[in-house]
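Below, each chain spelled out in residue letters.
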Amino acid sequence: MTQREWNFDGLVGPTHNYAGLSPGNLASQSHEGNVSNPREAALQGLEKMRFVADLGVGQAVLPPHPRPALRALRALGYVGSDEEVLARVFTENEHLLRLCSSAAAMWTANAATAAPSSDTGDGRMHITVANLQAMFHRVLEGETTHAVLRSIFSDERRFAVHPPLPGGGHFADEGAANHVRLSVEGRPAMHLFAWGRSTWHPVKGPDRFPARQTLEASHALARLHQLHPDACLFPQQSPAGIDGGAFHTDVLAVGNEGFLMLHEEAFVAVEPLLATLQNRLGGSFRWVMASSRELPVSEAVYGYPFNSQVLTLPDGTMCIVAPVESRQRPRPRAFLERVLAEDNPVRQVHYLDVRQSMNNGGGPACLRQRIRLTDEERAAVKARVFLDAALAADLEAWIRRHYRDRLAVRDLADPALARESLTALDELTRILQLGSVYDFQQSPR
Ligand code: SUG
């Protein structure tokens, strides 16, 4: 049964801001305290979705999460009206308010990890919600992501939506940002589940920055998705890469079908990994690897050429949707030009402006969750999440109606912002026909 890849992009939420929340994510750290523009951020994201849809590639959308997360603040002991909760947390613990106000759910590569029905033991599409245990502001995402994915993929005969992996940091899972699926005609697809640290095995990890994904979580995903053991590889993210600012695998590697584009500091023991892939996938597998000499990790982290979307076009060739930052820096740009010149399926590179997201460390690849669906599976989804011109127009009008064009960290305490955001999200669930997926829609806040 033929499958099509759908890129589920996260709509940027109305509280998008620069709070400096992610140690090891250099862009998040360096833009802390800057004034953001949520409206521009959401429109940039929507433009990217339109661009990808116009290429003839499957495009869909996932909604933002309710922020500020008043329910989390109440669970932490802040009582009273919304206004009182926000005023008190702002005075007592401004950092906690930042954490509970992040629009980080926009980076849907971290929302979950999926396996298409062609690869799984029971022939269903499996998707596991990421627990995002490494960062408090992201742990908050799991519950809403689960509700949203259950609503979209509600047909249990075709889809298995798994809740976030249980426990604390032992099974810390960052979603598809650490997963690469490679496939060539006539051979079983290969799944790379990368990880940065192990809970129970002594492994040398990074020195400076946190490793977010555990080996144990990666194994759990492969089990849950009922993947054949021969189809799974578990490479370790290079500690030097993480210390250089590659907090997720997708900062230094991206794959699509039979093509892999990577930096030599993406994984430990990269040569044996490539040899194994070549062996399993055969002669049509192609890769392009950047050395640190050609492209220092610092340049790869700044320009984000690997945080691109590599997309298969209707004619079977591939294109790269890269952030404009990778064109502005000579070395990332030269690398992408080399990719174009070499013997592989990539024929075009498009540079898009998603700068509002990039300033928090999220390039084109972070903004999307890839889900492969057969036509029947696609038809079983009843929510209005697949992008067409009408939905794009509705979303644009919705953004222009509800979003502010400037947000400083002190604005997070403004009760009007909370009201605006929840009103906008409530309306969005009707536009996307999702039902009541948000906590505030189910019981009084
Ligand atoms: O988890 N940034 C996100 C960026 C996620 C990028 N995703 C992928 N690489 N797939 C993170 O570090 C920063 C928010 C702030 O600082 O305000 C943030 O959460």
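Residues numbered from 1 in each chain as written. Predicted model: local features only at pLDDT ≥ 70, side-chain atom pairs only at ≥ 80, totals over all residues. Heavy atoms only, no water.

If you check the shell around the ligand, you find 21 residues, and the closest are Leu 21, Ser 28, His 137, Asp 250 and Cys 366. Between the ligand and Asp 250 there is a distance of 2.7 Å, counted from a nitrogen atom to a side-chain nitrogen or oxygen. Asn 360 is positioned with one of its backbone polar atoms (N or O) 3.1 Å from a nitrogen atom of the ligand. Within the complex, 100% of the 490 Å² of free accessible area of the ligand lies under protein. (Near = heavy atom within 4 Å. Polar contact = N/O pair within 3.5 Å; in protein donor to acceptor, adjacent residues only side chain to side chain. Areas by Shrake-Rupley, 256 points an atom, 1.4 Å probe, with all protein chains shown as cover.)

Working definition: two side chains of opposite charge can pair if their charged atoms are close together. In the structure shown here, the tally under the stated rule is 31 salt bridges. Linking Arg 50 and Glu 396 is a salt bridge whose minimum nitrogen-to-oxygen distance equals 2.9 Å. On the criterion of sequence distance, the pair formed by Arg 50 in helix H2 (residues 38–54) and Glu 396 in helix H16 (residues 389–402) is long-range, its members being 346 residues apart. Residue class for Arg 50 comes out partly exposed when judged on its relative accessible area of 21%. The partner of Glu 337 in a salt bridge is Arg 333, and the shortest N-O contact between them spans 3.2 Å. (Salt bridge = Lys/Arg side-chain N within 4 Å of Asp/Glu carboxyl O. Helix = DSSP H or I, 4+ residues; strand = E, 2+ residues; numbered from the N terminus. Buried < 20%, exposed > 50% of the residue type's maximum accessible area, 1.4 Å probe, protein only.)

Residue-level pLDDT values for the protein chain average 97, and 99% of them are 70 or greater. Highest mean pLDDT in the protein chain belongs to strand S4 (residues 125–129) (99); lowest belongs to helix H18 (residues 439–442) (93). (pLDDT = per-residue confidence, 0-100.)

Relative to the elements of secondary structure, His 179 occurs in strand S6 (residues 179–182). Here the side chain of His 179 touches His 191 through a polar contact of 2.9 Å, side chain to side chain.

Moving on to the state of the cysteines. Summed over all chains, the structure comprises zero disulfides. Cys 319 takes part in no disulfide bond, and the closest cysteine sulfur, belonging to Cys 366, lies 18 Å away. Among the residues examined, Cys 319 registers a relative accessible area of 0% and is labelled buried. (Disulfide = S-S within 2.5 Å.)

Let's shift gears to the sheet that holds S6. Taken in spatial order, the three strands of this open sheet run S6-S7-S8, and their pairing is mixed. Strands at the two margins of the open sheet, each flanked by one partner only, are S6 and strand S8 (232–233). Taken together, the two bridges between strand S7 (residues 190–193) and S8 define a ladder with parallel strand orientation. By the bridge assignment, Leu 192 is partnered in S8 with Leu 233. (Pairing = 2+ DSSP bridges.)

For sheets, the rule is that strands pair by backbone hydrogen bonds, running either parallel or antiparallel. Strand order in the open sheet made by the three strands is S9-S10-S11, with mixed pairing throughout. Of all the strands in the sheet, the pair left with one neighbour each is strand S9 (253–256) and strand S11 (286–290). The sheet shows a mean angle of 5° between the axes of neighbouring strands, taken without regard to direction. Two elements, S9 and strand S10 (residues 259–263), share four bridges in a ladder whose sense is antiparallel. Within the sheet, the bridge partner assigned to Val 254 lies in S10 and is Met 261. Relative to S11, helix H10 (residues 270–281) is tilted by about 170°, and along the sheet it contacts S10 and S11. In this fold helix H13 (residues 330–341) packs onto S10 and S11, with an angle of close to 160° to the strand it touches most, S11. (Axes fitted to C-alpha atoms, helices over the stretch in contact; angles between N-to-C directions. Contact = heavy atoms within 4.5 Å.)

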